[in-house]
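The lines below spell out each chain.
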Amino acid sequence: MDIGLNVDFDGKKNIVMEGGIIKEYPIGGMACEYARLHPTEIKPLILENPYFQDADFQENGSHALMSLYEACLEKFGVITAVMILTDFSGFMADFNRANEEELKELLAPLNQDRDTDQVKSFILEETGYEEFGITTIGQALLSAYAAYANSYIAFKHSFNMLVSGEEYEEEQVMAFWGLYAANTDFQHIDFHIMFYDNAFHSIYTIKSSMSLILFEAAHAMDAQTKFVKCKNCGNYFVPVGRSDSVYCGYPSPQDETKECREVGANATRAKKMKNDVLTQEYRRLYMRLKMAIKRHPDDTTLQERFKELTEGMKARKKQKEDGEMSVDAILEWLTSFDNNLNGE
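Notes on the structure follow. In this text, all values refer to a predicted model and were calculated from it rather than measured experimentally. (Residues numbered from 1 in each chain as written. Predicted model: local features only at pLDDT ≥ 70, side-chain atom pairs only at ≥ 80, totals over all residues. Heavy atoms only, no water.)

## Considering the layout of surface pockets
The calculated volume of the largest pocket comes to roughly 1,100 Å³. Considering the residues around the largest pocket, the lining is formed by 38 residues, among which Glu 33, Arg 36, Gly 249, Tyr 250 and Pro 251 are closest to the centre. Broken down by secondary-structure element, the contributors of at least two residues to the lining of the largest pocket are strand S3 (21-26), helix H1 (29-35), helix H3 (57-76) and helix H4 (78-97). In terms of residue count, the dominant contributor to the lining of the largest pocket is S3 (5 residues). Empty space within the second largest pocket amounts to approximately 270 Å³. If you trace the second largest pocket, you find 14 residues lining it, with Ser 151, His 188, Ser 208, Ser 209 and Met 210 closest to the centre. (1 Å grid on protein atoms, 1.4 Å probe; cavity = no way out; pocket = protein on both sides within 12 Å on 5 of 7 lines; lining within 4 Å. Points joined across faces, edges and corners; volume = space filled by probe spheres on them. Helix = DSSP H or I, 4+ residues; strand = E, 2+ residues; numbered from the N terminus.)

## Overview of the side chain of Glu 33
By the secondary structure assignment, Glu 33 is in helix H1. Residue classification places Glu 33 among the buried residues on the basis of a relative accessible area of 5%. Residue contacts for Glu 33: discarding those within four places in its chain leaves Lys 23, Tyr 25, Val 78, Ile 79, Thr 80 and Tyr 250. (Buried < 20%, exposed > 50% of the residue type's maximum accessible area, 1.4 Å probe, protein only. Contact = heavy atoms within 4.5 Å.)

## What about the nonpolar core?
Nonpolar side chains in soluble globular proteins tend to end up buried together. Formed by 68 residues in total, the largest nonpolar core has its most connected members in Leu 5, Met 30, Ile 79 and Phe 88. A total of 14 residues in this core trace back to one element, the largest contributor, which is helix H7 (residues 137-163). In this structure, Leu 5 is in contact with Val 16, Met 30, Ile 79, Val 82, Met 83, Thr 86, Tyr 204, Thr 205, Ile 206 and Leu 212, ignoring residues within four places of it in sequence. (Core = buried A, V, L, I, M, F, W, Y, C linked by side-chain atoms within 4.5 Å.)

## Quick look at the sheet that holds S3
The 5 strands are arranged S3-S2-S1-S5-S4 in an open sheet whose pairing can be described as antiparallel. The sheet is open, and its two borders are formed by S3 and strand S4 (189-196), each paired with just one other strand. Sheet twist, expressed as the average angle between the axes of neighbouring strands with direction ignored, equals 30°. Direction of pairing for strand S1 (residues 5-9) relative to strand S5 (residues 199-206): antiparallel, over a ladder of 4 bridges. Each bridged residue has a counterpart across the sheet, and for Asn 6 the counterpart in S5 is Thr 205. (Pairing = 2+ DSSP bridges. Axes fitted to C-alpha atoms, helices over the stretch in contact; angles between N-to-C directions.)

See the structure below:
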């Protein structure tokens, strides 16, 4: 098959087929996985590429790309690895095919503002290169990386328009819709019919980052796919099974050996327990002072302490809701308050 993401789409799900990997995704799930990428994480993999210093672009360029793919597959998973390989391969092929004049035209936009553009400066920083070019495979990979950054930004912006529910300017929305109408040339998607497992299958080969979001967006809108923002990692995912899921099944940022749905559920339980302790402790102090005031209605000190407790708690609850104070900090304040009462 061609270089690209090979997907068996039957109208209800996607089955990705890459080498010996066969993996099923819900409609919209492939784009969600790719959107988890932080493109800055690609740079170390480029710098560690065994062909980085090699000058023989013709002989070893493809080997360098496969080495990058294998590193990405291990770090990011199949969707992201294949899409990085696909886009990088396209840019590298353009560099390889270009004559001297065409190459200058390809590299000119990359080198423009390279000292002031944050993305370009980051890519070149501590690489041994001050500009983009193809004098070595490493420099060519960095040049492809700079071109890829723009492709991924376009993908991520389109993805956010699809999943976030936020309002975007009409001009941006119409530009995206144009990719399904007047500008279908931007759809780099091949179609094949294959016969295996005693049945015919519709196989699509997705050949660019933008093509992935176009493929997923069209089918997601048809299927009315529900996208959910994980309450633990903050990334979007498509719930499978329970539609009310709020945690994804990807490795959690707290512990990569555990999934967000596991860590998130535990965190929710721990948070509930802390809130229960907070409520109990406040209620205990509240009732203690309330009963003391009933026994000593003329004690102004008790009344002042009661006011300090209730108003202090109200203020701290507001701070907690605004994210300015933790449950632990409030519990610490209640403990201090209790100690002061006992000292009186």
